[in-house]
Amino acid sequence: MPQSKYFRTCLGLIFALLIIYLGSKVSFIFNPLVLLFNIMIIPVMLAGFMYYLLRPIVNFLEKHRWPRPLSILLIYLVFAGLIVLFSILVWPTLREQVINFAENAPFFVERMQKQLDQLQHNRFVARLIPSESDLMNRLSQYLNKLITAVTNSVSDFISVLSNVVVIIATVPIVLYYMLKESSKLGPILLHLVPRKYRQEGREVLQEIDAALSNFIVGRVLLNIMLGVLMYIGFLIIGLPYSLLLALISIVLNLIPYVGAVIAAIPVVIVGFIDSPSVAVWSLVVIIVAQQIQDNLLTPIIYGKRLDIHPLTIIVLLLIGGDISGILGIILAIPAYIVAKIIIVRVYKLFLSEKVEDVME
């Protein structure tokens, strides 16, 4: 009995659970590691996103006989120039819109109520909604809650931006070593794999790298193009805070499917506060920009759509948000891509033949 495979498996599970239980009793030992992880997760995540965006440029320069460290420093100089241009051309307008938005936020509810009152006296709306109906009051309450949530989110976003010293200091350093030493990571990870499976491990690492690169580069390029289209449309219809709302839309649209809906909410609310017609036109701009992205830009950049079912994406976003908030939502899709590749390869190596035998 002690020599049976079943007994050894159960014994291993018991010891694993015992180690987890004992670890929970001395959790204070791991608190410094948890604190370090919480401090470094955002800089490492941002550096990872930038790594996949900049690696093709570094590889291109290296193929043309530029030393890798010099190529990275050249890209840093270009980024510094872009930051200077941003501070001269974009930042003054963005700063003015952020300040105006923060100053006018307390009056948004009052303006919203005035727009709803005017809308209720409209003949067309009065035919659709009877005067004794409380639909307008409920709508007013819901919109007031949305305005409060949006203004709080913007305030939180501004407070986060005001405390980015650690991120600004660490991301360039982490990114530099990622770009410079990335070729050494693969062999280090392969040493953890048994020798007879190292070829499969190498293929898995290459597949994960290609999938993450396509996903991250594709999402960033698509969102930048979508943001430009939205900004042009917002300027045409005269939407207030157009630059601020376009930048918020770029960030929120990093979340597939759901992000487009979330990004549309503050745009429509701000448009409705200005006038109902602006709200309608802002929604038209969002829909047209999304259609251009989905039907024209996505096939060009991706070649095909993201190979994940929309329902799976929604479930992943809900789970990621429940576990770790916004950070979990951002990392849910990349984590799923990595896990799916590993699980599929493990299944093919160890389980596919056994399952086929059982089915036969």
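Values in this document were obtained by computation on a predicted structure and should not be read as measured data.

Here we take up the overall build of the protein. Counting its secondary structure elements, the protein contains 13 helices and 0 strands. Its helices and strands in sequence order give the protein the pattern α-α-α-α-α-α-α-α-α-α-α-α-α, from N to C terminus. Relative to its 360 residues, the protein shows a buried fraction of 29%. Across the protein, the fraction of contacts at a sequence separation of at least 24, relative to all contacts at a separation of at least 6, is 70%. Looking at the protein as shown, the accessible area adds up to about 23,600 Å², and 71% of this sits on carbon and sulfur atoms.

Counting 27 residues, the largest nonpolar core has Leu 175, Leu 179, Ile 216, Leu 317, Ile 333 and Ile 337 as the members making the most contacts within it. At the level of elements, helix 2 (31-63), helix 3 (68-89), helix 8 (165-190), helix 9 (198-237) and helix 13 (310-359) are the ones that each hand at least two residues to this core. Those residues within four positions of Leu 179 in sequence are excluded, and the remaining contacts are Tyr 51, Leu 54, Arg 55, Val 58, Arg 68 and Ile 72.

Side chains that carry opposite charge are capable of pairing whenever their charged atoms lie near each other. Across all of its chains, the model carries 6 salt bridges by this definition. The closest approach of N and O atoms between Glu 62 and Arg 68, which form a salt bridge, is 2.5 Å. When its relative accessible area of 37% is taken as the criterion, Glu 62 is described as partly exposed. Judged by relative accessible area, which is 13%, Arg 68 ranks as buried. Arg 345 is the salt-bridge partner of Glu 203, the closest N and O atoms lying 2.9 Å from each other. Pair noted here: Glu 203 is in helix 9 and Arg 345 is in helix 13, with a separation of 142 residues, a long-range link.

Two elements in contact, helix 10 (residues 242-252) and helix 11 (residues 258-274), have axes separated by 8 Å at closest approach and are oriented at 165°. As judged from the angle between their axes, helix 10 and helix 11 are roughly antiparallel. By crossing handedness, the relation of helix 10 to helix 11 is classed as right-handed. Within the contact between the two elements, helix 10 uses Leu 245, Ser 249 and Leu 252 and helix 11 uses Gly 259, Ile 262, Ala 263, Pro 266, Val 267 and Val 270. Tallied by class, the residues present in the contact of helix 10 with helix 11 amount to 7 nonpolar, 2 polar and no charged.

Time to look at the confidence of the model for the protein. Per-residue confidence for the protein gives a mean pLDDT of 78, with 77% of residues at or over 70. Highest mean pLDDT in the protein belongs to helix 3 (89); lowest belongs to helix 6 (residues 123-128) (54).

Here the phi dihedral of Arg 65 falls at roughly 70°; this positive angle occurs in a residue that is not glycine. Relative to the elements of secondary structure, Arg 65 occurs in the loop between helix 2 and helix 3. A relative accessible area of 81% means that Arg 65 is categorised as exposed. For Tyr 241, which is not a glycine, the phi torsion comes out positive at approximately 55°. On the basis of relative accessible area, Tyr 241 is assigned to the buried category, the value being 13%.

Turning to the side chain of Asn 223, a few remarks are in order. Mapping Asn 223 onto the fold places it in helix 9. Within polar-contact distance, the side chain of Asn 223 engages the backbone oxygen of Asn 253 at 3.3 Å. Once residues lying within four places of it in the same chain are set aside, the contact partners of Asn 223 are Ile 250, Asn 253, Leu 254 and Gln 293.

We now examine the packing of aromatic side chains. As enumerated under the stated definition, the model contains 2 aromatic pairs in all. Look at Tyr 176 and Tyr 177: their rings are 5.3 Å apart centre to centre, the planes differ by 90°, and that puts the pair in the edge-to-face class.

All right, on to the packing of helix 9 against helix 10 then. In the contact formed by helix 9 and helix 10, the axes pass within 9 Å of each other and the chain directions differ by 155°. Classified by the angle their axes make, helix 9 and helix 10 are roughly antiparallel. Our pair here, helix 9 against helix 10, has a crossing hand that is right-handed. Contacts from Asn 223, Gly 227, Met 230, Tyr 231, Phe 234 and Leu 235 in helix 9 reach Ser 242, Leu 243, Leu 245, Ala 246, Ser 249 and Ile 250 in helix 10. Here the contact of helix 9 with helix 10 is composed, by residue class, of 8 nonpolar, 4 polar and no charged.

What follows is about helix 2. Given a rise of 1.5 Å per residue, 33 residues ought to cover 48 Å, and the 45 Å separating the end C-alpha atoms of helix 2 matches this to within 8%. Among the residues of helix 2, Ile 41, Pro 43, Met 45, Ala 47, Gly 48, Phe 49, Tyr 51, Tyr 52, Leu 54, Arg 55, Val 58 and Leu 61 are the ones counted as buried. Immediately downstream of helix 2, the backbone of Arg 65 shows phi near 70°, a positive value.

What counts, and at which threshold
- Within every chain, residues take consecutive numbers counted from 1 along the sequence as written.
- The predicted nature of this model means local features are confined to residues of pLDDT at least 70 and side-chain atom pairs, given and counted, to a pLDDT of 80 or more, with totals for whole chains, interfaces and linings taken over all residues.
- The basis for every side-chain value is the complete set of non-hydrogen atoms in the structure, without hydrogens or water.
- In this description a helix means any DSSP run of H or I spanning at least four residues, a strand means any run of E spanning at least two, and both kinds are numbered starting from the N terminus.
- With a 1.4 Å probe rolled over the protein chains alone, any residue whose accessible area is under 20% of its type maximum counts as buried; one over 50% counts as exposed, and the rest are partly exposed.
- Contact criterion: two residues are considered in contact whenever any of their non-hydrogen atoms come within 4.5 Å of each other.
- The Shrake-Rupley method, run with a 1.4 Å probe, gives the accessible areas here. Residue values count only the displayed protein chains as cover.
- What we call a nonpolar core is a set of buried Ala, Val, Leu, Ile, Met, Phe, Trp, Tyr and Cys residues that are connected through their side-chain atoms within 4.5 Å.
- We count a salt bridge whenever a side-chain nitrogen from Lys or Arg sits within 4 Å of a carboxyl oxygen from Asp or Glu.
- Simply put, an axis is a line fit to the C-alpha atoms, just over the touching stretch for a helix, and the angle between two N-to-C directions goes from 0 to 180 degrees.
- We call two directions roughly parallel when the angle between them is under 35 degrees, roughly antiparallel when it is over 145, roughly perpendicular when it lies between 65 and 115, and oblique otherwise.
- Crossings are classed by handedness, with left-handed meaning an anticlockwise turn of the near helix from the far one by less than a right angle and right-handed meaning a clockwise turn.
- Classes in brief: Ala, Val, Leu, Ile, Met, Phe, Trp, Tyr, Cys and Pro nonpolar; Asp, Glu, Lys and Arg charged; the others, Gly included, polar.
- Each residue carries a pLDDT score, the predictor's confidence in it, ranging from 0 to 100.
- In protein, a polar contact means a hydrogen-donor-capable atom and an acceptor-capable atom, both N or O and within 3.5 Å, with residues adjacent in sequence counting only if both atoms are side-chain atoms; elsewhere, any N or O pair within 3.5 Å suffices.
- Here a Phe, Tyr or Trp ring, Trp counted by its six-membered ring, pairs with any other such ring whose centre lies within 6.5 Å, and the pair is stacked when the planes are under 30 degrees apart, edge-to-face when over 60, and tilted otherwise.
- What a helix should span is 1.5 Å times the count of its residues minus one.

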